[in-house]
Structure formats: structure tokens, C-alpha cells
Amino acid sequence: DAMVIQNPRYQVTQFGKPVTLSCSQTLNHNVMYWYQQKSSQAPKLLFHYYDKDFNNEADTPDNFQSRRPNTSFCFLDIRSPGLGDAAMYLCATSHGMNTEAFFGQGTRLTVV
Amino acid sequence: GESVGLHLPTLSVQEGDNSIINCAYSNSASDYFIWYKQESGKGPQFIIDIRSNMDKRQGQRVTVLLNKTVKHLSLQIAATQPGDSAVYFCAENINTGNQFYFGTGTSLTVIP
């Protein structure tokens, strides 16, 4: 059974139209991550939550925001998607430092 | 983010041969490492991990070696099979936080 679930698997959005990607977990992990992965590149960490504490990476654009209303759910909001934001977005969870991160299957975002 | 790089972007091996995938990392504060396998269109899948107090760890058909002196780790796959064809990433966890940073990836192709 899937433990980190991302919906939808494929998302098409219009240039400049806000879009939200969803992630849920059944592992009750403290940490939830969002990564952006472009074609033939490594996943790039955007930000993560430890419980309710939000940790942004220094080079994450302001266009990307996140919400974690409870332990199980985390959302990635892209306020004004540009063509360069087309990518696979990966959600992951872990129990904490020095423990395995479990990944979802990703949401592939297309911007038209 | 931190710099975690791979020496070889592509690797082709004959079925049944052993594969070695290398990774260099730059942060001496990294103390936990994971190798992930990623198949096309899917999220990264955990293969094996190693902590900085170890220099070798073995799993089923896989071995990870860690050399902290030169900040290098490798993944060895024994008797490589067609199902091993994928992109392999190393990821590091720095001891000051929960972040995982990924290397650039190696695409492994197994020739039947």
C-alpha cells in the first residue's frame, strides 16, 4: 500500500494560474519534504516541515509556498506558474534526522 | 543546497556483470547517506543507507562503501540484471538538520 500519496499524478495548469499539489502520508512521520525534479536532473529540495516548523531553502523562489495543516497532509502552492516551473514535484517524508526518506510517485506539472 | 556530485553520468554494463556507481560529496558535516533508484516516471526508491560511523554496508546484491577521508561513496551492484536499469542517486543528510540533498545521478543501462 502506498505510504506517501501524491495527487494528482499529472497536472496541467495555465501560465500564471495558481496551482496546488497535494501530498498525504500514512507513516505519521515528523518531516515532510517537497522536491522539484526537472528532466534528467536530480531532485532539488524546495523546503521541508518538521512538524509545523517550516524550513525554506535559500534558493527557493517566492513563487513556491507550502502549507501543512496537519501531520498527514502537505501542500505545494505555486502562485504564478511559469513555463520554467514545469517539472516533476516529489513529496517525501521521514521520521527525522538520519532516517530514511520515503518518496511518493510524484506529480508531473505541465504549464501551458 | 549542498553539493553532491557523481563522477559518471551514464553507465552501461552487461547482464550478470557487477556495476559500480560513484558519488562525491562536499560537506564534511554529512553523516548519513542513502542510495536511491529511480525508474522513469516514478519517485526515488530506497536501496541502501549508511551512517558515517561505518565504511561498508551490505544488502541483497548491493554494497555501499563510504570513504570519509576523500568524501566519496560508491554503490556496488552484484550480478546486474535488466531490472536494475534506472537512474541512481546518492543523497546526503547533514547532521545539522533534516534536509536531504541529492547528487546529479547516474543512468545505468543493463545490456541483456
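Structure's up top.
Because the structure is predicted, anything quoted here is derived from the model rather than measured. Residue positions are counted from 1 within each chain, in the order its sequence is given. Here the convention is simple: chains get letters from A, ligands get numbers from 1, in the order in which they are written. Side-chain atom pairs in this predicted model are given and counted only at pLDDT of 80 or more, local residue features only at pLDDT of at least 70, and totals for whole chains, interfaces and linings cover all residues. Excluding hydrogens and water, the side-chain figures rest on all heavy atoms present in the structure.

A. Broad picture of the packing of aromatic side chains. The aromatic pairing rule takes the rings of Phe, Tyr and Trp, using the six-membered ring of Trp, and pairs them if the centres are within 6.5 Å, calling planes under 30 degrees apart stacked, those over 60 edge-to-face and the rest tilted. Considering all chains together, one arrives at 14 aromatic pairs over all chains under this definition. Ring centres 6.1 Å apart and planes at 35° place the aromatic pair Tyr33 of chain A and Tyr35 of chain A in the tilted group. Throughout this description, buried means an accessible area under 20% of the type-specific maximum (1.4 Å probe, protein chains only), exposed means over 50%, and partly exposed covers the range between. Judged by relative accessible area, Tyr33 of chain A falls into the buried class, the value being 0%. With a relative accessible area of 1%, Tyr35 of chain A lands in the buried category. Note on Tyr33 of chain A and Phe100 of chain B: the rings are 6.1 Å apart at their centroids and 65° apart in plane angle, and the pair reads as edge-to-face. You can see Tyr33 of chain A sitting in strand β4 (residues 31–37) and its partner Phe100 of chain B sitting in strand β10 (residues 100–102), one on each of two chains. In this structure, Tyr33 of chain A and Phe100 of chain B share a single accessibility class: buried. Put simply, the rings of Tyr33, Tyr35 and Phe103 of chain A together with Tyr32, Tyr36, Phe89, Phe100 and Phe102 of chain B pair up and form one aromatic cluster. Only runs of H or I of at least four residues qualify as helices and only runs of E of at least two qualify as strands under DSSP, and these elements are numbered from the N terminus.

B. Broad picture of the side chain of Ser24 of chain A. Residues and elements named next belong to chain A. Within the secondary structure, Ser24 is located in strand β3 (residues 19–25). In this structure Ser24 comes out as buried when scored by relative accessible area, which is 14%. Residues contacting Ser24, with those up to four places away along its chain left out, are Met3, Val4, Ile5, Ser72 and Phe73. The contact rule is simple, with two residues in contact once any of their heavy atoms fall within 4.5 Å.

C. Structural context of the interface of chain A and chain B. With 24 residues of chain A in contact, the opposing surface of chain B contributes 25 residues. Approximately 1,800 Å² of surface area, both sides summed, lies buried where chain A meets chain B, with 50% of it carried by carbon and sulfur atoms. A per-residue breakdown of the area chain A buries against chain B is headed by Met97, Asn98 and Glu100 of chain A, which together make up 30% of the total. Salt bridges are counted wherever a side-chain nitrogen of Lys or Arg sits within 4 Å of a carboxyl oxygen of Asp or Glu. Where chain A packs against chain B, one counts 0 salt bridges. Identification of polar contacts relies on pairs of N or O atoms within 3.5 Å, with a donor-acceptor requirement for protein atoms, meaning one able to donate a hydrogen and the other able to accept it, and with residues adjacent in sequence counted only if both atoms are side-chain atoms. Linking chain A with chain B are 12 residue pairs in polar contact (both at pLDDT 80 or more), by the criterion used here. The set of elements that each furnish at least two residues to the side of chain A that touches chain B consists of β4, β5 (44–50) and β9 (87–94) of chain A. At 4 residues, the largest contribution of residues to the side of chain A that touches chain B is made by β4 of chain A. Taken together, the residues of the side of chain A that touches chain B sort by class into 12 nonpolar, 8 polar and 4 charged. Put simply, buried area is the surface a 1.4 Å probe can reach on two separate parts but cannot reach once they are joined, added for both. Here the nonpolar group is Ala, Val, Leu, Ile, Met, Phe, Trp, Tyr, Cys and Pro; Asp, Glu, Lys and Arg are the charged ones; every other residue, Gly included, is treated as polar.

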